[in-house]
Amino acid sequence: MNPDALRGHMDALLLSVLEREPLHGYAIIEALQERSGGALSVPTGTVYPALRRLERIGYLSSEWATVGGRKRRTYRLTDAGRKQLAGERTAWREFTSVIGNVLRAEAAASG
């Protein structure tokens, strides 16, 4: 998948992955890859700064935990993050509907 296509959607993707359960950074990356059927391979250099930013604005909280003998920062969705995710989903449905209508109209006109 073209990495430029993710621009502007990373927050929603991260919030969505954390909706089910708290995860540490690498597990978030794995979840994105798994839920996308392998289509999304997001580098750590993209994910970690986004996680820290989402925490700063209050959509995530984090705590240190020891997993398999290693200290890892685990991220959790806050109530504000759940509200933001709901808004992101609404915006996404509207966006895909509009773009879908345009693309279908173009396909019908040229067909």
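Residues numbered from 1 in each chain as written. Predicted model: local features only at pLDDT ≥ 70, side-chain atom pairs only at ≥ 80, totals over all residues. Heavy atoms only, no water.

(A) Examining the pairing of strand 3 (residues 70–77) more closely. Relative to strand 3, strand 1 (residues 23–24) runs antiparallel, the two sharing two bridges. Considered in strand 3, the bridge of Leu23 is made with Tyr75. (Pairing = 2+ DSSP bridges. Helix = DSSP H or I, 4+ residues; strand = E, 2+ residues; numbered from the N terminus.)

(B) Local environment of the pattern of salt bridges. Following the criterion strictly, the structure yields three salt bridges and no others. Note that Arg53 is salt-bridged to Asp11, the shortest N-O span being 2.5 Å. One end of the pair, Arg53, is in helix 3 (residues 44–56); the other, Asp11, is in helix 1 (residues 10–20), and 42 residues separate them in sequence. The exposure class assigned to Arg53 is partly exposed, which follows from its relative accessible area of 32%. Notably, a salt bridge pairs Arg89 with Glu19, separated by 2.7 Å at the nearest N-O pair. Of this pair, Arg89 sits in helix 4 (residues 79–110) while Glu19 sits in helix 1, and the two are 70 residues apart along the sequence. By relative accessible area, Glu19 is classed as partly exposed at 31%. (Salt bridge = Lys/Arg side-chain N within 4 Å of Asp/Glu carboxyl O. Buried < 20%, exposed > 50% of the residue type's maximum accessible area, 1.4 Å probe, protein only.)

(C) Spatial organisation of the side chain of Thr74. As for its position among the elements, Thr74 is in strand 3. Among all residues touching Thr74, those that are not within four sequence positions of it are Pro22, Leu23, His24, Ser61, Ser62, Glu63 and Ala65. (Contact = heavy atoms within 4.5 Å.)

(D) Spotlight on the packing of aromatic side chains. Counted by the stated rule, this structure contains one aromatic pair. Both rings, one in Trp92 and one in Phe95, keep their centres 5.7 Å apart while their planes meet at 35°; by these two values the pair is tilted. Here Trp92 and its partner Phe95 are both found in helix 4, three residues apart, which amounts to about one turn of the helix. Taking the relative accessible area as the measure of exposure, Phe95 reaches 43% and is therefore partly exposed. (Phe/Tyr/Trp six-rings, centres within 6.5 Å; stacked < 30°, edge-to-face > 60°.)

(E) The packing of helix 1 against helix 2 (residues 25–35), seen in detail. Closest axis-to-axis distance for the helix 1/helix 2 pair is 10 Å, and the angle between their directions is 100°. One finds that helix 1 runs roughly perpendicular with respect to helix 2. When helix 1 is examined against helix 2, the residues Leu13, Leu14, Ser16, Val17, Leu18 and Arg20 are found in contact with a partner set consisting of Ile28, Ala31, Leu32 and Arg35. Taken together, the residues of the contact of helix 1 with helix 2 break down into seven nonpolar, one polar and two charged. (Axes fitted to C-alpha atoms, helices over the stretch in contact; angles between N-to-C directions. Parallel < 35°, antiparallel > 145°, perpendicular 65-115°, else oblique. Nonpolar A, V, L, I, M, F, W, Y, C, P; charged D, E, K, R; others polar.)

(F) Spatial organisation of helix 1. Counting buried residues along helix 1, eight of its eleven residues qualify, which places the element largely inside the surrounding structure. Every buried residue of helix 1 is accounted for by Met10, Asp11, Ala12, Leu14, Leu15, Ser16, Val17 and Leu18.

These figures come from the coordinates and say nothing about function on their own.
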